[in-house]
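Next come the chains, spelled out residue by residue.
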Amino acid sequence: MSFTFYEICDALKELHRAKEASYNGKNVIDDLPEELWRAQVAIKGQRLFRASTPQKQVDEAFDTAVYAILWLEKMSKAGVDLEPILGAGVSSHRSLAQQLKDSYITNQVG
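Reading the values: rules and limits
- Per chain, residue numbering runs from 1 following the sequence as it is written.
- The predicted nature of this model means local features are confined to residues of pLDDT at least 70 and side-chain atom pairs, given and counted, to a pLDDT of 80 or more, with totals for whole chains, interfaces and linings taken over all residues.
- Only hydrogens and water are removed before side-chain values are computed, so all heavy atoms of the structure are retained for them.
- A run of H or I in DSSP becomes a helix once it reaches four residues, and a run of E becomes a strand once it reaches two; helices and strands are each numbered from the N terminus.
- Exposure is judged per residue with a 1.4 Å probe applied to protein chains only, and the accessible area is read against the type maximum: over 50% gives exposed, under 20% gives buried, and values in between give partly exposed.
- Within 3.5 Å is the distance limit for a polar contact, defined as a pair of N or O atoms, with the added protein rule that one can donate a hydrogen and the other accept it, and that residues adjacent in sequence qualify only through two side-chain atoms.
- In what follows, residue pairs with any heavy atoms lying within 4.5 Å of each other are defined as contacts.
- For every element, the axis is a line fit to its C-alpha atoms; helices are fit only across the contacting stretch, and the angle between N-to-C directions ranges from 0 to 180 degrees.
- Here roughly perpendicular refers to angles of 65 to 115 degrees, roughly parallel to angles under 35, roughly antiparallel to angles over 145, and oblique to all remaining angles.
- Residues were grouped as follows: Ala, Val, Leu, Ile, Met, Phe, Trp, Tyr, Cys and Pro as nonpolar; Asp, Glu, Lys and Arg as charged; and all remaining residues, including Gly, as polar.
- The term salt bridge refers to a side-chain nitrogen of Lys or Arg lying within 4 Å of a carboxyl oxygen of Asp or Glu.

Chemist: Teacher, can you tell me more about the side chain of Thr-64 here?
Modeler: As for its position among the elements, Thr-64 is in helix 3 (residues 54–77). By relative accessible area, which is 16% here, Thr-64 ends up buried. From its side chain, Thr-64 meets the backbone oxygen of Glu-60 in a polar contact 2.7 Å long. Sequence-distant contacts of Thr-64, that is, excluding residues within four places in its chain, are made with Val-41, Lys-44, Gly-45 and Leu-48.

Following this line, the structure appears as C-alpha cells:
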C-alpha cells in the first residue's frame, strides 16, 4: 500500500499526539534550547542515514520529520516569522491557518 504526502502528514500528527500523551501532556518543545533542537534533528537525520533496514529507515524518517516540525514550532514561538515560507505564492491577507486549509483542500480536490 502506498501513501500520499498528505496521508503521511496526517500519520505524523497522530504519531506526535500519541507520543505527547505519553509525556503526561507536557510540551517537550520547551525542554531544550533551540540549538539543542537543531542538534536533535541532525542526530535523527544521521540515524536515518545509518539505518540498516527499510523499517528502521522509515522509523527514523518519521522521527526526523517530527523533530524538524517541533523545531519549527519552537522557532515560531520564539518570534521567527514562518509565513513568508509557508505562505509563498499565497496572498498575505488570509491567515496562515486559512492558507494551509485552502492549500490542503486544493491538493485533495485538484
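Chemist: Just checking my understanding: could you explain the packing of helix 1 (residues 5–22) against helix 3 for this structure?
Modeler: Between two packed helices, the angle of one axis relative to the other and the distance separating the axes together describe the packing. Following both chains from N to C, one finds helix 1 and helix 3 inclined at 80°, their axes separated by 10 Å at the closest point. One element, helix 1, and the other, helix 3, form an angle in the roughly perpendicular class. Side by side, helix 1 and helix 3 meet where Ile-8, Ala-11, Leu-12, Leu-15, His-16 and Lys-19 of the first sit next to Phe-62, Asp-63, Ala-65, Val-66, Ile-69 and Leu-70 of the second. Looking at the contact of helix 1 with helix 3 residue by residue, the classes come out as nine nonpolar, one polar and two charged.

Chemist: Looking at this model, I keep getting lost on the pattern of salt bridges. Mind explaining?
Modeler: The tally for this structure, following the rule as stated, stands at 10 salt bridges. Two residues, Asp-63 and Lys-19, come together in a salt bridge whose shortest N-O distance is 3.1 Å. Taken together, the residues span a long stretch of sequence, with Asp-63 in helix 3 and Lys-19 in helix 1 at a distance of 44 residues. A salt bridge links Glu-60 to Lys-44, with the nearest nitrogen and oxygen atoms 4.0 Å apart. Of this pair, Glu-60 sits in helix 3 while Lys-44 is found in helix 2 (residues 34–50), placing the two residues 16 residues apart along the sequence. Accessibility expressed as a relative area gives 1% for Glu-60, which makes it buried. According to the relative accessible area criterion, Lys-44 is buried, its value standing at 11%. One continuous salt-bridge network, built from bridges that share partners, spans Lys-19, Lys-44, Arg-47, Lys-56, Asp-59, Glu-60 and Asp-63.

Interpretation note: all reported values are geometric properties and have no functional meaning in isolation.
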